[in-house]
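Descriptive structure summary
Here is what each chain is made of, one letter per residue.
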Amino acid sequence: SQTIHQWPATLVQPVGSPLSLECTVEGTSNPNLYWYRQAAGRGLQLLFYSVGIGQISSEVPQNLSASRPQDRQFILSSKKLLLSDSGFYLCAWSVGLTQSNEKLFFGSGTQLSVL
Amino acid sequence: KNQVEQSPQSLIILEGKNCTLQCNYTVSPFSNLRWYKQDTGRGPVSLTIMTFSENTKSNGRYTATLDADTKQSSLHITASQLSDSASYICVVTKIRNSGNTPLVFGKGTRLSVIA
């Protein structure tokens, strides 16, 4: 069966420090991978998505970047965190989304607090 | 503009009662609509998925309806339990065009079931 791992679960970082969140998927090949952010009281905001190794699409201009060095690995990074980067970050995967039997599976999330 | 609006923003009900959550969307072209349940501090989990031709779909005590003509969906929860306390997110998938991401998320309805 397929599983998605996301870590760490919580993270407290000072302003200006770097960030690296990692997400890996097991049990599937060539998944679509996504990074979302959920600010308090807000809906999920898509940050990046990837349809293959080295293929990254950015949805919102921001202080963050993403990389996909391997088929089932997706990394969210920042060189210098801002206070506004605080939020709940979710990694997700899917194998297509346009068919009714295709689902989007989420990781357990990382709560990032930038102080 | 592709949008998904959910109502109410929050809801408190007594254990054992029924409730209905609403989702209106303007996403086009439409592929399917999904309802997710998100427990606090966790990633969303899929409840139902409906395509254009489906009017209703059930998953245990959860029943989702879709009116593609009026672009409205509802999620009905029967005989609520304390464990139903969560955020319920409506997500509409649009047919993917090159360079566009297909998912549009609502901000969710926060349901609290009390004894």
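So, here's what we can say about the structure. (Residues numbered from 1 in each chain as written. Chains lettered and ligands numbered in written order. Predicted model: local features only at pLDDT ≥ 70, side-chain atom pairs only at ≥ 80, totals over all residues. Heavy atoms only, no water.)

1. Details of the overall build of chain A
Scanning chain A from N- to C-terminus turns up zero helices and 11 strands. The C-alpha atoms of chain A give a radius of gyration of 14 Å, which matches the 13 Å a tight globule of 115 residues would have. With the principal axes as the frame, chain A shows a C-alpha extent of 40 × 30 × 25 Å. A separation of at least 24 residues holds for 55% of the contacts in chain A among residues at least 6 apart in sequence. When the accessible surface of chain A is summed, it comes to about 5,400 Å², and 52% of that surface belongs to carbon and sulfur atoms. Seen as two clouds, the 7 positive and the 6 negative side-chain charges of chain A have centres 7 Å apart. (Helix = DSSP H or I, 4+ residues; strand = E, 2+ residues; numbered from the N terminus. Rg over C-alpha atoms; globule rule 2.2 N^0.38 Å. Contact = heavy atoms within 4.5 Å. Areas by Shrake-Rupley, 256 points an atom, 1.4 Å probe, with all protein chains shown as cover. Lys, Arg positive; Asp, Glu negative; His and termini not counted. Charge placed at Lys NZ, Arg CZ, Asp CG, Glu CD.)

2. With respect to the overall build of chain B
The number of helices and strands found in chain B is zero helices and 11 strands. Going from N to C terminus, chain B has its helices and strands arranged as β-β-β-β-β-β-β-β-β-β-β. In terms of C-alpha radius of gyration, chain B reaches 14 Å, essentially the compact-globule figure of 13 Å for 115 residues. Projected onto its principal axes, the C-alpha coordinates of chain B cover approximately 50 × 30 × 20 Å. Every one of the 115 residues in chain B was classed for burial, and the buried ones make up 47%. In chain B, 57% of the contacts between residues at least 6 apart in sequence involve partners at least 24 apart. When the accessible surface of chain B is totalled, it reaches about 5,500 Å², and 48% of it is carbon and sulfur. Separation between the mean location of the 12 positive side-chain charges and that of the 7 negative ones in chain B comes to 7 Å. (Buried < 20%, exposed > 50% of the residue type's maximum accessible area, 1.4 Å probe, protein only.)

3. Some points on the interface of chain B and chain A
Across the contact, 24 residues belong to chain B and 22 residues belong to chain A. Here chain B is connected to chain A by zero salt bridges. Taken together, the elements giving at least two residues each to the side of chain B that touches chain A come down to strand S4 (30-38), strand S5 (45-51), strand S9 (86-94) and strand S10 (103-105) of chain B. Sort the elements by how many residues they give to the side of chain B that touches chain A and S4 of chain B lands first, with five residues. Looking at the side of chain B that touches chain A residue by residue, the classes come out as seven nonpolar, 12 polar and five charged. (Salt bridge = Lys/Arg side-chain N within 4 Å of Asp/Glu carboxyl O. Nonpolar A, V, L, I, M, F, W, Y, C, P; charged D, E, K, R; others polar.)

4. Structural notes on the pairing of S4 of chain B
Residue and element names in this part refer to chain B. For S4, the tally of buried residues reaches nine of nine residues, placing the bulk of the element in the interior. Pairing geometry for S4 and S9, over eight bridges, is antiparallel. Its bridge partner being in S9, Trp-35 is matched across the sheet by Cys-90. Judged from the six bridges that link them, S4 and S5 form a sheet pairing that is antiparallel. Bridge pairing in S5 links Arg-34 to Ile-49. (Pairing = 2+ DSSP bridges.)

5. Quick word on the packing of aromatic side chains
The final tally for this structure, using the stated rule, is 10 aromatic pairs over all chains. Judged by centre distance (6.4 Å) and plane angle (75 degrees), the rings of Phe-106 of chain A and Phe-105 of chain B are edge-to-face. Of the two residues, Phe-106 of chain A sits in strand S10 (residues 105-106) while Phe-105 of chain B sits in strand S10, which places them in two different chains. For the pair Phe-106 of chain A and Phe-105 of chain B, a shared accessibility class is recorded, and that class is buried. Three or more aromatic residues link up through ring pairs in this structure, and these residues are Tyr-34, Tyr-36, Tyr-49 and Phe-106 of chain A together with Tyr-36 and Phe-105 of chain B. Geometry around Tyr-62 of chain B places Arg-61 of chain B over its ring, the cationic atom sitting 5.8 Å from the centre. (Phe/Tyr/Trp six-rings, centres within 6.5 Å; stacked < 30°, edge-to-face > 60°. Lys NZ or Arg CZ within 6 Å of the ring centre and 35° of its normal.)

Keep in mind that these numbers describe shape and distance, not what the molecule does.
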